[in-house]
Number of protein chains: 4
Amino acid sequence: MEFASDNASGAAPEIIEAVSRINAGYAPSYGADPAMERVRGLIRETFEAPDAAVYLVATGTTANALSLACLCPPWGAVYAHAEAHVEMDECGAPEFYIGGGKIVRIGGRDGKLAPADLRRAIEKTPQGFVHSVQRGALTLTNTTEAGTVYTPAEIVALTAVAKEYHLPTHLDGARFANAVVATGATPAEMTWKAGIDILSFGGTKNGCLGVEAVVIFDPAKAWEFELRRKRGGHLFSKHRYLSAQMEAYLTDGLWLKLAQTANDRAAALEQAVLAVPGARLMHPREANILFAYLPRSTHRRAMEAGAHYYLWPFDQSIEGPGDQALSARFVASWCTTEAEIEAFTKLIRG
Amino acid sequence: MEFASDNASGAAPEIIEAVSRINAGYAPSYGADPAMERVRGLIRETFEAPDAAVYLVATGTTANALSLACLCPPWGAVYAHAEAHVEMDECGAPEFYIGGGKIVRIGGRDGKLAPADLRRAIEKTPQGFVHSVQRGALTLTNTTEAGTVYTPAEIVALTAVAKEYHLPTHLDGARFANAVVATGATPAEMTWKAGIDILSFGGTKNGCLGVEAVVIFDPAKAWEFELRRKRGGHLFSKHRYLSAQMEAYLTDGLWLKLAQTANDRAAALEQAVLAVPGARLMHPREANILFAYLPRSTHRRAMEAGAHYYLWPFDQSIEGPGDQALSARFVASWCTTEAEIEAFTKLIRG
Amino acid sequence: MEFASDNASGAAPEIIEAVSRINAGYAPSYGADPAMERVRGLIRETFEAPDAAVYLVATGTTANALSLACLCPPWGAVYAHAEAHVEMDECGAPEFYIGGGKIVRIGGRDGKLAPADLRRAIEKTPQGFVHSVQRGALTLTNTTEAGTVYTPAEIVALTAVAKEYHLPTHLDGARFANAVVATGATPAEMTWKAGIDILSFGGTKNGCLGVEAVVIFDPAKAWEFELRRKRGGHLFSKHRYLSAQMEAYLTDGLWLKLAQTANDRAAALEQAVLAVPGARLMHPREANILFAYLPRSTHRRAMEAGAHYYLWPFDQSIEGPGDQALSARFVASWCTTEAEIEAFTKLIRG
Amino acid sequence: MEFASDNASGAAPEIIEAVSRINAGYAPSYGADPAMERVRGLIRETFEAPDAAVYLVATGTTANALSLACLCPPWGAVYAHAEAHVEMDECGAPEFYIGGGKIVRIGGRDGKLAPADLRRAIEKTPQGFVHSVQRGALTLTNTTEAGTVYTPAEIVALTAVAKEYHLPTHLDGARFANAVVATGATPAEMTWKAGIDILSFGGTKNGCLGVEAVVIFDPAKAWEFELRRKRGGHLFSKHRYLSAQMEAYLTDGLWLKLAQTANDRAAALEQAVLAVPGARLMHPREANILFAYLPRSTHRRAMEAGAHYYLWPFDQSIEGPGDQALSARFVASWCTTEAEIEAFTKLIRG
């Protein structure tokens, strides 16, 4: 009963096998491996973007920070949701790579930005006024940190505001697959057709060992990205092991199958949780993450029996008196089993 | 006949198997995996350094740049051999991570620094003079870029100069295993007993997929390193795949066996090359890299028949007229076979 | 009738004369001038801080950014009021000098932080959690951006929270003189006795040409400051012209006399404004800045007649219909005359 | 007898008077002062460059570092003479502002680069090779650190090499006036007509208090420069005091008169020195700096009698035994008097 994070999962068998298989013999290093050529083709096909520049890195923080550094000057403001990973969970990596930029935190229900709030934040940055940082870039997250999902139309509404101010746009897609499955939209509809300029396309959380693709829809930034990647220490010498993961991930729709499983399991978790008296959702459950309130006694029983997940936010205590409802985050992954859900269901049913 | 780089090699079977094996089930993320605990123990045991702080990253550039950033302030000079990887091959990663430092290039025969030259370079940086960058740190490379090896006594002679000026020391050990095997010294004798403060302990070139350990002998810098690693995007969520590689690498002396093979093959290459009339060494061959001169016609014959390696430096041409001797670099790895050596031997014998 | 900013004022006669006087003959450069030695003595005496390290720079942004860079690591959070100059008006200079830190904006009435809000913001930065930026430093502003003044007791209440978390503290004293005059407290009571570690001691706005002293009460950071100053381009070769300004400023209490005049004129402005029907204060007027609401028609009349000041915030329009009250900022300086106040009083009286 | 540095001189009377005069009344801040408008016109006229963007800063290090940051990306190499101020005397300011670039040191007789050496250095930076820093920018110094002067033809020969590789060019003109006077060429011929893109136009060493103009001949970089200047803390609020200096400096050819005096005095020094038996030049004396060898006993006699100048390089000792020739640097400035030269002449004549 592991619901703490999709990072606790291993890699899907197809991915591990691909890594083993690619191991045979010699291969050109630093991204010149034939598998990378195939990955480039697969990504371009998947995203209907024949000109996209495609690069692989090993972590999501890297994909985000390098992308934002390519889009935002050192004196720029990055507009982001207040709870975004780039703001909360990267120890300042974007500011480091950008060279000292500023993340402008924008609130928003259920982890999503509202166009009017974005516009207000942009307007509040007095462009052309040398005393202030300048308007830099927009970054969105899909699936959001709250487990909700932007539809293509919602993305368009936000990127349209950014474009109005000539701002480039980035999408943190650490859980992009879960969002695609949730909406039924195509990868293209969820990205460049919706106004996204650079995508961090996550593999790690969804069944890979450690690989993220950066998809640069306007390839003018490609060489700069390569230099920033190398300079950040993120260019792998034995690059084939990144390529093999991404190739397997994109082959035969594996990435979507894995995400479908994760989303389905989260839906089952939602049903189980909502059946508990006093339970209620904290955010709509739209992909593979569930935020819900359960009575403290229910949490205690579940955790003591081995269910692993976090109270969310962290500053609540399982130990306190009373049986008030405490909010928690439950993450399902490609390898969450029906048996785990059933066991958990029994536990919380009491 | 692949002698271009040890980066072209795959991973040793034991390493790949360890990666597959660790895949089962859930594991705590971000370095809290049990395998990392074992790696920490293995490294401390291997280096007889029970207090060392140990971290894993995926590339050598990262290990070097993060280490130097922990040792050298933004206004500091890093003393390095003029041909060092940190100066020539990292696109300015050390300067980026240090926050704008300066690498002071020091010449030296066969890729090695001489203590007197190091002292001269340090003295030339006018310490306490605010107009100049300040004396920062010493970095050595072992096995050197010229394929030679520092003995413990040679390292002591250099770190002693550094210590005289209160400078911390780093060792770029991307090919540390090859140096250990070449000298027969213990890992401790090659590092902290010889005055090294932080070691980049290479796994990637010597049979891993992509893993380097950073061994911080004085753990006071540990937390700063962790923050710099995260902030650089180098903390892996599914960290177990790094741990598994390093664990297998250190188990039953695998790392030394692999390096022994590489060194032996390079020795065989040396013999083969020196048997060619007109051939001679460019640097002493002491580990797994051979620098040698061969007649242009010999190079041409070998390359046309499929031998893969680089003329070194790059600006020589295989196409020119005349049959003068051209220098080249040949790298053997853990997976270079005797058959490859034999085939190559036949080729160049003509 | 210039009330737009104290930056529009010239330098006091004593200051200009000192600059002319110091011009005679040769002088050692880069801060080794005898006048700097005298400045050091004057500052230490003024602040009852015989061990303080003292440096001069030419702008307030520089004083702030260099100070914060000495106190906060690149991965640190600087706790500041949401309207602080370091956050709003320095184009990201603190982030640039810190090397990519994050300013945590804390709201607070009348430009002042409340201890409980500071504590909450610090607690929200999860110390020891590698995914987040770390708790870095506290910066206060006195006189605040809202024209209000912290008393020594209020400063103590805030620095005590910081110290509880082992955080160093900085005071942006661009208008420090005005705050000292307003409270009647001693410079020491307003700084190190109240828990301040580094002070940006402003001269420019209060009658100098361009000079700010950085007073480092714990001199352990002194050498680092010198290197950061040089590296930032802020070490003057002909340093005597900075020294002369600061020497004259501190001689015979000139700095306090100038600030007293500015505060007195602002008090007179306050009286004049409050006499207008419909006028009211936006913040308490405690030093040389007045924030007040006046009817739009009154603003229009005043501005058309040549009064120069800003509607505050900027996004209000003098042109709109109706006669609602609009807020504005009025700044008095050492050279604001009684005649200006009288002329303005007449104007707005209608 | 002050020959240590032109930084030891005060400001010319015209400059000091201009600063006093501009002090009257209010003035718009942050560069919007009317005097700056006049400065812009004077610089454009002086340089025959009607479209040039013109900015003022207070130090030469700032002018250089900001200019190079506008020309060279963070991963770029700046080609400079090994003894250039940007390499030797700025505590890494260019690397700091560039964001971690690398200065490539090129040797060259008498402080001057030779086109062939520049070409070799550029060629050695393997462009388009992601492992290396990239070719960034060329910076020249005129008057050079060795006191010699590039002619327009020599500058053209160097910038032509840079342009061949599409590299932008910067000129460190801390002693630009002395070079103009020495060559008799026009300011335009010494800069944009000779292929220079950005000029650091020095005022401080040649009779100002502290002001340097940055002249950007291609104004496309202007806004970036403004942001970098503000962000570096170099935008003066009471900007008029910078403007007044530069305005007076450029009025009625004052800048050239001051430089002419300095050059003339250095010529007289040269004659005096060469009259000493055993004396000889270290570099040709072409502007206001003289490098010459004199017997140790002569130096001792002069210094003991109060002549102030530096043995150059610093690591020679006036105290040693024997009477060998020691090299020294003598700098004349706008305020060096004939009396000083005569007194010194007498002294060294013995």
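In this convention, every chain numbers its residues from 1, walking through the sequence in written order. All chains are assigned letters beginning with A, and all ligands numbers beginning with 1, in the order in which they are written. Given that this is a predicted model, residues contribute local features only at a pLDDT of at least 70 and side-chain atom pairs are listed and counted only at 80 or more, while totals for whole chains, interfaces and linings are drawn from all residues. The side-chain numbers reported here are obtained from all heavy atoms of the structure, hydrogens and water having been left aside.

**Student:** What should I look at first to understand the overall build of chain A in this one?
**Tutor:** Secondary structure elements are taken from DSSP: a helix is a run of H or I of four residues or more, a strand is a run of E of two residues or more, and numbering for both begins at the N terminus. For chain A, the count of helices and strands is 13 helices and eleven strands. Throughout, radius of gyration means the C-alpha value; the globule benchmark is 2.2 Å times the number of residues raised to the power 0.38. On C-alpha atoms alone, chain A measures out to a radius of gyration of 21 Å, which is about the 20 Å that the 2.2 N^0.38 rule sets for 350 residues. Projected onto its principal axes, the C-alpha positions of chain A cover 60 × 60 × 30 Å. In this scheme, a residue with accessible area under 20% of its type's maximum is buried, one over 50% is exposed, and one in between is partly exposed, where area comes from a 1.4 Å probe on protein chains only. Across the 350 residues of chain A, 65% fall into the buried class. When contacts within chain A are restricted to residue pairs at least 6 apart in sequence, long-range pairs at least 24 apart make up 74% of them. Only the protein chains shown count as covering a residue, and every accessible area follows the Shrake-Rupley method with a 1.4 Å probe. Counting every atom, chain A has about 11,500 Å² of accessible surface; 54% of that belongs to carbon and sulfur. Contacts between residues were defined by any pair of non-hydrogen atoms, one from each residue, lying within 4.5 Å.

**Student:** I'm lost on the interface of chain D and chain C in this one. Help?
**Tutor:** Size of an interface: often given as the accessible area lost when the parts come together. On the side of chain C, 47 residues touch chain D, which itself brings 47 residues to the contact. Buried area adds together the accessible area that both of two parts lose upon being put together, with accessible area traced by a 1.4 Å probe. In total, about 3,800 Å² of surface goes out of reach between chain D and chain C, with carbon and sulfur atoms giving 56% of it. If you sort the residues of chain D by the area they bury against chain C, Tyr-26, Arg-231 and Lys-238 of chain D come out on top, with a joint share of 21%. For salt bridges, the criterion is a side-chain nitrogen of Lys or Arg within 4 Å of an Asp or Glu carboxyl oxygen. At the junction of chain D and chain C, the tally comes to zero salt bridges. For the side of chain D that touches chain C, the secondary structure elements donating two or more residues are α1 (13-22), α3 (60-71), α5 (93-98), α9 (222-231) and α10 (240-250) of chain D.

**Student:** Explain the UniProt feature "domain: Aromatic amino acid beta-eliminating lyase/threonine aldolase" (unreviewed entry) in chain A here, please?
**Tutor:** UniProt positions are given in the numbering used here, feature names are shortened, and annotations may be inferred rather than shown by experiment. Feature annotation in UniProt assigns "domain: Aromatic amino acid beta-eliminating lyase/threonine aldolase" (unreviewed entry) to the following positions: residues 3-292 of chain A. Helix and strand shares over residues 3-292 of chain A are 41% and 16% respectively, and the end C-alpha atoms of the span are 13 Å apart.

**Student:** I tried to follow the interface of chain D and chain B on my own but got confused; where do I start?
**Tutor:** Contacts between the two partners involve 18 residues from chain D, matched on the other side by 18 residues from chain B. Interface area for chain D against chain B, summed over the two sides, is near 1,400 Å², with a carbon-plus-sulfur share of 48%. Ranking the residues of chain D by area buried against chain B places Cys-91, Lys-102 and His-131 of chain D at the top, with a combined share of 34%. At the junction of chain D with chain B, the criterion picks out four salt bridges. As a salt-bridge pair, Lys-102 of chain B and Glu-95 of chain D come within 2.6 Å of each other at their nearest N and O atoms. Whenever a nitrogen or oxygen atom comes within 3.5 Å of another N or O atom, the pair is scored as a polar contact, on the condition that within protein one atom can donate a hydrogen and the other can accept it, and that pairs from neighbouring residues in sequence are kept only if both atoms are in side chains. The tally of links from chain D across to chain B stands at eight residue pairs in polar contact (both at pLDDT 80 or more). Counting only elements with at least two residues in the side of chain D that touches chain B, the list comes to α4 (85-88) and β3 (102-106) of chain D.

**Student:** Would you explain the pattern of salt bridges in this entry?
**Tutor:** Note on pairing: side chains with opposite charge can pair once their charged atoms come close. Residue and element names in this part refer to chain C. Within the structure shown, the criterion is met by 64 salt bridges over all chains. In this structure, Arg-38 engages Glu-247 in a salt bridge whose closest nitrogen and oxygen atoms are separated by 2.6 Å. Highlighted residues: Arg-38 in helix α2 (residues 34-46) and Glu-247 in helix α11 (residues 240-250), separated in sequence by 209 residues. Lys-112 is the partner of Glu-154 in a salt bridge, and the nearest nitrogen-oxygen pair spans 3.1 Å. Here Glu-154, found in helix α7 (residues 152-164), pairs with Lys-112, found in the loop between β3 (102-106) and α6 (115-124); they are 42 residues apart in sequence, far enough to count as distant.

**Student:** Teacher, can you tell me more about the environment of Ile-198 of chain D here?
**Tutor:** All names here are of chain D. If you trace the backbone, Ile-198 turns up in strand β6 (residues 198-202). Judged by relative accessible area, which is 1%, Ile-198 ranks as buried. With 30 residues separating them in the primary sequence, Ile-198 and Pro-168 have C-alpha atoms 8.5 Å apart. Apart from the residues lying within four places of it in its own chain, the contact partners of Ile-198 are Ser-67, Cys-70, Leu-71, Thr-169, His-170, Leu-171, Val-214, Val-215, Ile-216 and Phe-217.

**Student:** Looking at this structure, I do not really get the packing of aromatic side chains. What am I missing?
**Tutor:** Only centres within 6.5 Å qualify two rings of Phe, Tyr or Trp (six-membered ring in Trp) as a pair; their planes then separate them into stacked at under 30 degrees, edge-to-face at over 60, and tilted for everything else. A full pass over the atoms with the stated rule returns 79 aromatic pairs over all chains. Site record: aromatic cluster; members linked through ring pairs are Phe-47, Phe-176, Phe-201, Phe-217, Tyr-249 and Trp-255 of chain A. Sitting above the plane of the Tyr-293 of chain B ring, Arg-280 of chain B keeps its charged end 3.9 Å from the centroid. Here, a charge over a ring is recorded when the distance from Lys NZ or Arg CZ to the ring centre is within 6 Å and its angle to the ring normal is within 35 degrees.

**Student:** Which parts of the structure should I look at to understand the relation of the copies chain D and chain B?
**Tutor:** Each of the two chain copies goes to the other by way of a rotation about an axis and a shift along it. Between chain D and chain B, which share one sequence, the superposing operator has a rotation angle of 180° and an axial displacement of 0.1 Å; the RMSD is 0.0 Å. Accordingly, the operation relating the two chain copies is best matched by a two-fold axis. Identified as the residue of chain D closest to the rotation axis by C-alpha distance is Gly-100 of chain D, at 2.0 Å. Most of the interface of chain D is mirrored in chain B, where 100% of its interface residues are also at the interface. A residue counts toward the fit only if its pLDDT is at least 70 in both copies, and the copies are then superposed by least squares on the C-alpha atoms of those residues.

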